[in-house]
Amino acid sequence: MAAAEPGSAPGGGGCAQVGGSVPVLFCFSVFARPSSVPHGAGYELLIQKFLSLYGDQIDMHRKFVVQLFAEEWSQYIDLPKGFVVNERCKVRLVPLQIQITTLGNLTPSSTIFFCCDMQERFRPAIKYFGDIISVGQRLLQGARLLGIPVIVTEQYPKGLGSTVQEIDLTGAKLVLPKTKFSMVLPEVEAALAEIPGVRSVVLFGVETHVCIQQTALELIGRGLEVHIVADATSSRSMMDRMFALERLARTGIIVTTSEAILLQLLVADKEHPKFKEIQNLIKASAPESGLLSKV
């Protein structure tokens, strides 16, 4: 889902708040629901709130713009650049007329892979960890064959160790340490801005209900399409994993498999020059872990 450039003007109306939460009226279609957000909340938190309030009614095949009601104009304006909520205001989510006809399509030139926190310390705790390592390695081999950029993060590697040795990070565009759950770090945002035409992110790693979920929500809030690879994504608890994937699918994120991703990137054409190599990757390693029965 795409929206107006986040925006730096105060919200309209009401008394300024210091700390705590600020009341906001969230409008979509014929609906208007009062809620609140933390003082200082910006574009991403507004998007997440819209999804939590209206997720079952938002058509993710559409693009949207977030607008703010401006008292001085007595009408809605596109969310100003650098906008943060510091006083009571009214915002709305407006669908644009343009349909996204490419929803779900993947092409190497518009795709980037995100590998999240596949670290040694998580090996004993994450269900089917050996299997998701195997599938993750297959995805990264496919990315190298097809010339797709790869971004890798490691959660607090000083304490939790580096990416497991089985995963070859040769050619990765970025390998970054992080302490926040989301992979959307400033360096990642800069890298995305440098790659022309990126539309789709293929996301996998751990944990599904924490870092994967928060990364996916931030990415769709920035207008990117997200594909989560179910057979390369896990958690300590299968319950957490299952409900995270279900929630993400409801917000318009595409939950798929490694084989579907790799074959789709070949544009389903056996004449593709890399078809045989990708086909051999798929034939060589397809663990029957039971992960897909728990989606």
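Provided above is the structure to which this section pertains.
Every value quoted in this text rests on a predicted model; they were computed, and no experiment measured them.

Analysis parameters
- Residue positions are given per chain, counting from 1 as you read along its sequence in written order.
- Note on the predicted model: pLDDT of at least 70 is required for a residue's local features to be given, and 80 or more for side-chain atom pairs to be given and counted; whole-chain, interface and lining totals, by contrast, use all residues.
- Hydrogen atoms and water are omitted, and side-chain values are computed over all heavy atoms in the structure.
- In this analysis an axis means a line fitted to C-alpha atoms, helices contributing only their contacting stretch, and an angle means the value between N-to-C directions, from 0 to 180 degrees.
- Helix and strand definitions here come from DSSP, where helices need a minimum of 4 consecutive H or I residues and strands a minimum of 2 consecutive E residues; each element is numbered from the N-terminal end.
- Oblique is the label for every angle not falling under 35 degrees (roughly parallel), over 145 degrees (roughly antiparallel), or within 65 to 115 degrees (roughly perpendicular).
- Whether two residues touch is decided by their heavy atoms; if any such pair falls within 4.5 Å, the residues are in contact.
- In this classification, the charged set is Asp, Glu, Lys and Arg, the nonpolar set is Ala, Val, Leu, Ile, Met, Phe, Trp, Tyr, Cys and Pro, and all remaining amino acids, among them Gly, are polar.
- Remark: exposure states derive from per-residue accessible area (1.4 Å probe, protein chains only) relative to the maximum for the residue type, with buried under 20%, exposed over 50%, and partly exposed in between.
- Summarising the geometry, the arc corresponds to the directions from the helix axis toward the C-beta atoms.
- A pair of strands is treated as paired once DSSP finds two or more bridges between them.
- Each salt bridge in this description consists of a side-chain nitrogen of Lys or Arg and a carboxyl oxygen of Asp or Glu lying within 4 Å of one another.

A few words now on the packing of helix 2 (residues 129-146) against helix 7 (residues 258-265). Running from amino to carboxyl end, helix 2 crosses helix 7 at an angle of 5°, the nearest separation of the two axes being 10 Å. By the angle between their axes, helix 2 is roughly parallel relative to helix 7. Together, V135, R138, L139, G142 and L146 of helix 2 and S258, I261, L262 and L265 of helix 7 make up the contact between the two elements. Its residues placed into classes, the contact of helix 2 with helix 7 shows 6 nonpolar, 2 polar and 1 charged.

With that settled, the discussion passes to helix 8 (residues 275-284). Of all the positions in helix 8, only F275, I278, L281 and I282 are classed as buried. Take helix 8 and look down its axis: the buried residues cluster within an arc of 125°, on one side only. Those residues of helix 8 that are exposed and aimed more than 90 degrees away from the buried face are K276, K283 and A284. Where helix 8 is buried, its residues meet helix 2 and helix 7.

Note the cis peptide between V206 and E207, where omega equals -15°. Inspection of the secondary structure puts E207 in the loop between strand 9 (200-206) and helix 5 (208-221). One non-glycine residue, S29, lies in the positive phi region at around 55°. Turning to its location among the elements, S29 is positioned in the loop between strand 1 (21-28) and strand 2 (31-38).

Another aspect to go through is the sheet that holds strand 8 (residues 174-178). Taking strand neighbours across the sheet as the criterion, the 6 strands line up as 8-7-6-9-10-11 in an open arrangement whose pairing is parallel. Only two strands of the sheet have a single neighbouring strand rather than two, namely strand 8 and strand 11 (254-256). The average undirected angle you get between the axes of adjacent strands in this sheet is 25°. Pairing of strand 7 (residues 150-155) with strand 8, which is carried by 5 bridges, proceeds in the parallel orientation. The partner of V152 across the bridge, within strand 8, is V175. Against the sheet, helix 4 (residues 186-194) touches strand 6 (111-116), strand 7 and strand 8, its axis set at about 155° to strand 8.

Glancing now at the pattern of salt bridges. Tallied over the entire structure, the rule returns 11 salt bridges. Close ionic contact of D231 with R138 constitutes a salt bridge, the shortest N to O distance being 3.9 Å. With a gap of 93 residues between them, D231 in strand 10 (residues 225-234) and R138 in helix 2 connect regions that are remote in the sequence. Across the pair, R138 and D231 agree in class, each one buried.

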